[in-house]
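Per-entry structural report
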Amino acid sequence: MKIFIDDTYEAMSKRIADDVVNIMNNAPEPLFCAASGDSPKSLYKELIQRNNASAIDISSWYFLGLDEWIGLDASDEGSCRYMLNKDLFHPLHAKEEMLCCFDGKTNDALKECNRIENFITKHNGIDVAILGLGMNGHIGLNEPGTSPLLRSHVMDIAETTKTVGQKYFSKPQILTKGITLGLATLTEAKHLFLIVSGEKKAAILKEALQHEPTESIPATLIREHPGLMVYADKAAAKLL
Ligand SMILES: N[C@@H]1[C@@H](O)[C@H](O)[C@@H](COP(=O)(O)O)O[C@@H]1O
């Protein structure tokens, strides 16, 4: 595990963009797994800027969505796919055939999980997985209590996430379940980039990095991954 601490969220995001591009440029069939949420927003802006300036070429990149709320899809404002379309895929002009995201409106979750796992296998694994850190230590929608042995799966949303997750929606949203890459899937990725920003994440970041590995703090279960990079701004790192 490597930890990088930058003074600001913007500086941190530029550093992450440099590292993403380095890895993706050297991957034969680059597969980028994208978290939605607030933490990677500035990274995505940075990638879009570089792509617009022709400083990078994403035409050979494949994109995978990390997770989705069950019951929601791209047409629902605030869904993970809605946010990724808005913040990343559309501004990058990524072609639909390069994208693969969970359909939260599926009526066959097992089939949907298999579809996602098959996409990963077909493209020789994830090169970079961008991850945010939930306020309860979740990774994707792997909530406290999740097994590290699970691949893509459906999970009950924890109470904390039901509340915190309201920030993505303009109207109150009932969040009960999520569909997510599992920790077993994620730990097979070549690189895991955990992005943590802001003072509100300081306590959980400390736990994620220093608590003994436990299913009750899912982020502790990815710590042994040899390709784990943790990026924090000064505010998030203040308790380390
Ligand atoms: N489903 C999302 C995750 O994909 C995200 O990485 C995490 C952190 O979100 P944020 O970056 O907004 O703090 O929680 C959300 O619930």
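Quick note: structure is the one above.
Owing to the predicted nature of the structure, the values given are computational and were not obtained by experimental measurement.

Turning our attention to the overall build of the protein chain. Helix and strand content of the protein chain: seven helices and ten strands. Along the three orthogonal principal directions, the C-alpha set of the protein chain runs to about 45 × 40 × 35 Å. Across the 240 residues in the protein chain, those meeting the buried criterion constitute 56%. If you take every contact in the protein chain between residues at least 6 apart in sequence, the share linking residues at least 24 apart comes to 76%. A total of about 10700 Å² of accessible surface is found on the protein chain, and carbon and sulfur atoms cover 51% of it.

Let us now look at the sheet that holds strand β7 (residues 153-156). The three strands are arranged β4-β8-β7 in an open sheet whose pairing can be described as antiparallel. This sheet does not close on itself; its edge strands, each paired only once, are β4 (67-69) and β7. The sheet shows a mean angle of 25° between the axes of neighbouring strands, direction not considered. Here β4 pairs with strand β8 (residues 177-180) via three bridges, running antiparallel. When the sheet's bridge partners are listed, Asp67 is paired in β8 with Thr180.

Attention shifts here to the site of the ligand. Surveying the vicinity of the ligand reveals 15 residues, the closest of which are Asp38, Ser39, Lys167, Tyr168 and Lys201. At 2.5 Å from an oxygen atom of the ligand is found a side-chain nitrogen or oxygen belonging to Ser39. Note that an oxygen atom of the ligand is positioned 2.7 Å from one of the side-chain N or O atoms of Lys201. Against a free-state accessible area of 400 Å², the protein chains account for coverage of 95% of the ligand.

This part takes up the pairing of strand β6 (residues 128-132). Sheet faces and side chains relate simply in a regular strand, where the side chains alternate between the two faces. Within β6, five of the five residues are buried, leaving the element largely enclosed by the surrounding structure. The alternating pattern of β6 places Val128, Ile130 and Gly132 and Ala129 and Leu131 on opposite faces, both of which are buried. Sheet topology note: the strand β2 (residues 31-34)/β6 ladder contains two bridges and is parallel. Bridged to Cys33 within β6 is Ala129. One ladder, built from five bridges, connects β6 with strand β9 (residues 191-196); its direction is parallel. Bridge assignment links Val128 to a residue of β9, and that residue is His191.

Take the sheet that holds strand β1 (residues 2-6) next. Strand order in the open sheet formed by seven strands is β1-β10-β9-β6-β2-β3-β5, and the pairing between neighbours is parallel. Since the sheet does not close on itself, it has two edges, and those belong to β1 and β5 (99-100), each with one partner.

All right, on to the packing of helix α2 (residues 41-52) against helix α3 (residues 80-89) then. Where α2 contacts α3, the two axes come as close as 9 Å, and the packing angle between them is 40°. Viewed along their axes, α2 and α3 adopt a mutual orientation that is oblique. Contacts between α2 and α3 involve Lys41, Tyr44 and Ile48 from the first element and Met83, Leu84, Asp87 and Leu88 from the second. Residue composition of the contact of α2 with α3, by class: five nonpolar, no polar and two charged.

Now for the pattern of salt bridges. Taken as a whole, this structure holds 19 salt bridges when the rule is applied. Arg115 serves as the salt-bridge partner of Glu112, at 2.6 Å between the closest nitrogen and oxygen. Remark: Arg115 and Glu112 occur in helix α4 (residues 109-122); sequence separation between them is three residues, near one turn of the helix. Judged by its relative accessible area of 38%, Arg115 is partly exposed. Through salt bridges with shared partners, a single network forms among Asp38, Lys41, Lys86, Asp87 and Lys167.

With respect to the element layout, Glu117 can be found in helix α4. Exposure remark for Glu117: the relative accessible area of 11% places this residue in the buried category. Here the alpha-carbon distance between Glu117 and Leu209, two residues 92 residues apart in the chain, equals 28 Å. Not counting the four nearest positions on each side in its chain, Glu117 is found in contact with Arg151, Ser152 and Thr185. A polar contact of 2.7 Å, which involves the side chain of Glu117, links it to the side chain of Ser152.

The rules behind these values
- Residues numbered from 1 in each chain as written.
- Predicted model: local features only at pLDDT ≥ 70, side-chain atom pairs only at ≥ 80, totals over all residues.
- Heavy atoms only, no water.
- Helix = DSSP H or I, 4+ residues; strand = E, 2+ residues; numbered from the N terminus.
- Buried < 20%, exposed > 50% of the residue type's maximum accessible area, 1.4 Å probe, protein only.
- Contact = heavy atoms within 4.5 Å.
- Areas by Shrake-Rupley, 256 points an atom, 1.4 Å probe, with all protein chains shown as cover.
- Pairing = 2+ DSSP bridges.
- Axes fitted to C-alpha atoms, helices over the stretch in contact; angles between N-to-C directions.
- Near = heavy atom within 4 Å.
- Polar contact = N/O pair within 3.5 Å; in protein donor to acceptor, adjacent residues only side chain to side chain.
- Parallel < 35°, antiparallel > 145°, perpendicular 65-115°, else oblique.
- Nonpolar A, V, L, I, M, F, W, Y, C, P; charged D, E, K, R; others polar.
- Salt bridge = Lys/Arg side-chain N within 4 Å of Asp/Glu carboxyl O.

Nothing here speaks to function; it is geometry throughout.
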